Structure formats: structure tokens, C-alpha cells
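Reading the structure
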Amino acid sequence: MIVHPVEDLIREHALFAETGPEIAGLLASCARNVVFRDGELIFKEGETADRLLLIRSGRAALETSIPGHGNVIIQTVKTGEALGLSWLVPPYLTDFDARAIGTVRAVSFDATCLRAKCESDPRIGYAFYKLMIPPLIGRLRTARIQALNLYEPTADPNPA
Amino acid sequence: MDTRGHAPASLLPRPMRVARVVTEMAGTVTIELEAGAFAFAPGQFVMVSSPGVGEVPISISSDPDDGTPLALTIRAVGATTAVIAAVSEGSWLGIRGPYGTAWPDIPEGDLLLMAGGLGLAPLRGAFLRALRAQERIGRVILLYGTREPGMILFDRELLGWMRQTRAEIHVTVDQAHPGWTGNVGLITTLLERERLDASNTTAFLCGPEVMMRLSARQLAALGVSPSRIHLSLERHMACATAQCGRCQLGPLILCRDGPVVRHSDVGRALGIAEL
Ligand SMILES: Cc1cc2nc3c(=O)[nH]c(=O)nc-3n(C[C@H](O)[C@H](O)[C@H](O)COP(=O)(O)OP(=O)(O)OC[C@H]3O[C@@H](n4cnc5c(N)ncnc54)[C@H](O)[C@@H]3O)c2cc1C
Ligand code: FES
């Protein structure tokens, strides 16, 4: 079996495609390679958000429970995307459960280590937070549109 | 092919017998009609009436090329569609048309179809044509988004296409219960992973207007020319023969100049809330 250094795995991830190799190298000491089996809980709603996962392959479901409806999947996060963004802002608590759909391979960053690196070197911090902005904006946009319940007919703005 | 509207044939509905009613999901049926020879192009619509109830525009969802009966997929959303969607086999409906513009001819390059909710119905004929042309064209990609797994239109047929054709088909829903192993998220998130050859891609979009607006914008940002992005626009209609002005969108009379239009022709008007 070929073991890839975690630094290479970070560099190969779609999220890091635009950055130079330097950032991946500097962050590698916070990272390790992880695998989750089908159905395994990756993190649980309300627990400390202590990880950022870069999904290398597979898909994870973000779930929440709605009284009377049971558990509901509100988003899936797939290969090339980031899972777990709550570690970015206090109080560092997860908002949803995350569960593996099939086998999920990921690079897992320790959040405390990441924050410390970003604090100690603002250049890395700025570059890294810039990487985190597109997924954050993407999720905000998606959530807003989904809240519109697009597929239901809307009231006629121009009745006869 | 000229995709401009066909001249109105007659304002008089033709009575057609309902041959079969297929329940697609709660409140949505596909009605097959004994239409005899009925020429149409995918993307066009007909005016469907139930005597004493009302008349509504409905897109044609059948295959234009295989001789299957004229099919209309209807969702009960109000007074008229509720009555029409509840018809039984053997009853009669009034049909006028076909009207409006069609999807353009299947292009030589890659074809991307994006459908939201019931928007798969007007795209079905174009998709089947693309499957038949697949030997001579590039990729055929179908991205489909809907509310939840139970609201996937033509679900069995989609599964068949996924298994038996070379088309690349991806489905996403807004939310699902655990056990669903597919995508959950907005349809535009499916676009992110498609490595499109933008200069060689033609896109057909059909679904809620917000979905089409966002998708068209994202496609344009990826480099697809707005003149190769085609959308099917729904506005309230009455005459369907370009006489009453009910369906006007800026300079366009959509029952004649649409429903299928180029994004380059309507992009600006779509952004104006008052229109
Ligand atoms: C070209 C075209 C093709 C269409 N194809 C289909 C189709 O294949 N299947 C199908 O089920 N429906 C289709 N529609 C929509 C269908 O015509 C409307 O749902 C129908 O007119 C509603 O009539 P109603 O009397 O039942 O309800 P109404 O009481 O008139 O309306 C009920 C609700 O639906 C909304 N609504 C009505 N018409 C439209 C419209 N055109 N666009 C958006 N929202 C609308 C109203 O705002 C209201 O909230 C199409 C519309 C057009 C213009
Ligand atoms: S519906 Fe009358 S002009 Fe289009």
C-alpha cells in the first residue's frame, strides 16, 4: 500500500487548488488522514467543533432532527469539499450531525492547532480564511434559496 | 430548425379522449390522450380545457418521435388544474395547439439539461432526442433537482436512463430522510463538479424561475455563452395566440416568442421584479 504524506493529500484537495504549496506545508502538522465507514457518525450536533475535514472521496450527510419528522438530511458534502465549518467562530459548537454515506476518506485538521497557526502567522491566517470563505458563502446562498421552497407554486404577482 | 412560434391554428379546442392516467406522485399525474396524428416539437405547450371549469397552458411531456400518445404531466395547484388532474380514463378534455417555441435542435457538442421539479416534463422529449443522437454528439448531462425524494418526477424512468444509457444523470433534493444515499443541496451544487467544456456546451433549463436564473448565471460564469443557454419561461396565459398580451415579458410575447427563449434575450428582463 502506498502511503501519501498528508501534505500531498492537502495539496491535491480541490479547496487548495489555487493556493501555493507553502500553505499546505505549513498546515500539515495539524492534519491527519482519516476514514469513516458507511453510516458512521463523523460528528454530533452540539458537540465541540474541533475539526475541519477535507473530503477526499465519498459523501457525508448533514442531518438534524425535526420534531414530528425525525432526522432530516439538509445537505450532503462531497469529494473536494469541506465538512465542519463551525470551528471558525465561537462558541465552536457543531450545528448538525454529520454521517458518512458510503466510505468517506478525508484529511482531518485539528481546529485548535489551525487557529493557533492562523493567529501566530497572519499571512497563513489570511490565506487560510480566504480558502474558507467560498464554502461559507456557498452554504449561505444555498440555505437561503432552499428556504424559499422553490418547487412550490408561488402566489400570482399579476392576477388577471 | 426555426424555433419561433408556430402560427395559431385555431382557437377552438379539439376534444380528445383520455386514454390513460398515470399517478406520478401526490397531486401530479401524466395524462395520455388519444390525439391521432399530432405533430409537435419538444418544449411546446398546449392549452387544456375542461368544459365549464377553465383552460390552462400545459407543456407536452411525450416523446415526439416514437409514436407514443400525446402526454401531459399536470400538477394540481389551483381550481382548473385540480379538476384536470382528477380526470379519469375515458373522459374528454379540450386541446388547442401546439403553441410556442421549441427547444433548439440537438447540438453537435455537449448538451446539458437542468430540470427542477415538474420542469423535467417539458425537457423529457428533448432528452429522449438527445439519447437517440448520442452517437453523433458529445456528452449528454441531465441534472435534476426537486424538493424531496418522494417528489422525483419520472423516477423509474430516470433510474432506467441511469442504468441503460450513456447519459450522465445526477439528482439532488432539498431535503431527505436518512437512508437516501443521493445528493442533498441546490441543483447549482451539481454544476460545481461537472467539468464542462464551456465553449462546446449548450444548456436547456426548465424549472422554477429562480432556479433557472441562478443556474444560467452560474453557467455564464463558467464560460457558457448566454446565447447557448435556453430556458423555458412560464407566465400566465389566456389566448396563447399572441392577441391578449397576458403573457408579455418586456418586448416578448411568451406564448409566441417563448416559452423557450435564449438567456441572452431575456437575462435582463428576468432580473426585473416588476416583469
Ligand atoms: C408554457 C407553460 C407551460 C406549462 N406547463 C405545465 C405543465 O407541464 N404542467 C403543469 O402542471 N403546469 C404547467 N404550467 C403551469 C400551469 O399552466 C398552471 O399551474 C395553471 O395555469 C394553474 O391554473 P389553476 O387554475 O389550476 O390555478 P390558479 O388558481 O390559476 O393558480 C394556482 C397557483 O399556481 C400559480 N400559477 C398559476 N399559473 C402559473 C404559471 N404559469 N407559472 C407559475 N405559477 C403559476 C398561481 O400563482 C397560484 O399560486 C405551464 C404554464 C405555462 C405558461
Ligand atoms: S397569452 Fe395572450 S398574448 Fe400570450
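Residues numbered from 1 in each chain as written. Chains lettered and ligands numbered in written order. Predicted model: local features only at pLDDT ≥ 70, side-chain atom pairs only at ≥ 80, totals over all residues. Heavy atoms only, no water.

Turning our attention to the interface of chain A and chain B. Listed per partner, the contact involves 25 residues of chain A and 30 residues of chain B. Both faces considered, chain A and chain B share a buried interface measuring about 2300 Å² in area, 56% of it formed by carbon and sulfur atoms. Taken together, the links from chain A to chain B amount to 0 salt bridges. Summed over the shared surface of chain A and chain B, the result is 10 residue pairs in polar contact (both at pLDDT 80 or more). Elements represented by at least two residues in the side of chain A that touches chain B include exactly strand S3 (51-66), strand S4 (70-78) and helix H4 (122-147) of chain A. (Contact = heavy atoms within 4.5 Å. Buried area = accessible area lost by both parts, 1.4 Å probe. Salt bridge = Lys/Arg side-chain N within 4 Å of Asp/Glu carboxyl O. Polar contact = N/O pair within 3.5 Å; in protein donor to acceptor, adjacent residues only side chain to side chain. Helix = DSSP H or I, 4+ residues; strand = E, 2+ residues; numbered from the N terminus.)

Our next topic: the confidence of the model for chain B. Per-residue pLDDT for chain B has a mean of 91; in total, 95% of the residues score no lower than 70. Confidence estimates for the predicted assembly give a pTM of 0.89 and an ipTM of 0.83. (pLDDT = per-residue confidence, 0-100.)

Attention shifts here to the side chain of Thr80 of chain B. Inspection of the secondary structure assignment puts Thr80 of chain B in helix H1 (residues 79-85). If we skip the residues at most four places from it in the chain, Thr80 of chain B touches Val53, Gly54, Glu55 and Val56 of chain B.

This next bit is on the domain arrangement of chain B. Residues and elements named next belong to chain B. In terms of domain boundaries, chain B breaks down into domain 1 (14-99) and domain 2 (110-232). One C-alpha centre belongs to domain 1, the other to domain 2; they are set 24 Å apart. Between domain 1 and domain 2 the total buried area reaches about 1300 Å² when both faces are included, carbon and sulfur atoms providing 57% of it. On inspection of domain 1 and its partner domain 2, the count reaches 3 salt bridges. Across the pair Arg132 and Asp63 runs a salt bridge whose closest N-O atoms are separated by 2.4 Å. At the surface where domain 1 touches domain 2, the tally comes to 4 residue pairs in polar contact (both at pLDDT 80 or more). When residues of the side of domain 1 that touches domain 2 are traced back to their parent elements, those giving at least two are strand S1 (14-25), strand S2 (28-34) and strand S5 (70-75). (Domains from an automatic or database assignment.)

Take the nonpolar core next. Residue and element names in this part refer to chain B. With 39 residues, the main nonpolar core has Leu112, Met114, Leu205, Leu219, Leu231 and Leu233 as its most contacted residues. When residues of this core are assigned to their parent elements, the largest contribution, 5 residues, is made by helix H5 (residues 209-222). Shared between two domains, this core takes at least three residues from each, and those domains are domain 1 (14-99) and domain 2 (110-232). With near-sequence residues (within four places) excluded, Leu219 lies in contact with Leu112, Met114, Leu191, Leu196, Ala203, Leu205, Val224 and Ile229. (Core = buried A, V, L, I, M, F, W, Y, C linked by side-chain atoms within 4.5 Å. Buried < 20%, exposed > 50% of the residue type's maximum accessible area, 1.4 Å probe, protein only.)

Computed from the structure, the second largest pocket encloses a volume of approximately 1400 Å³. In this structure, the second largest pocket is lined by 41 residues; those nearest its centre are Gly80 and Glu81 of chain A together with Thr189, Glu192 and Arg193 of chain B. It is H4 of chain A that contributes the most residues to the lining of the second largest pocket, 11 residues altogether. A per-class count over the lining of the second largest pocket returns 18 nonpolar, 12 polar and 11 charged. (1 Å grid on protein atoms, 1.4 Å probe; cavity = no way out; pocket = protein on both sides within 12 Å on 5 of 7 lines; lining within 4 Å. Points joined across faces, edges and corners; volume = space filled by probe spheres on them. Nonpolar A, V, L, I, M, F, W, Y, C, P; charged D, E, K, R; others polar.)

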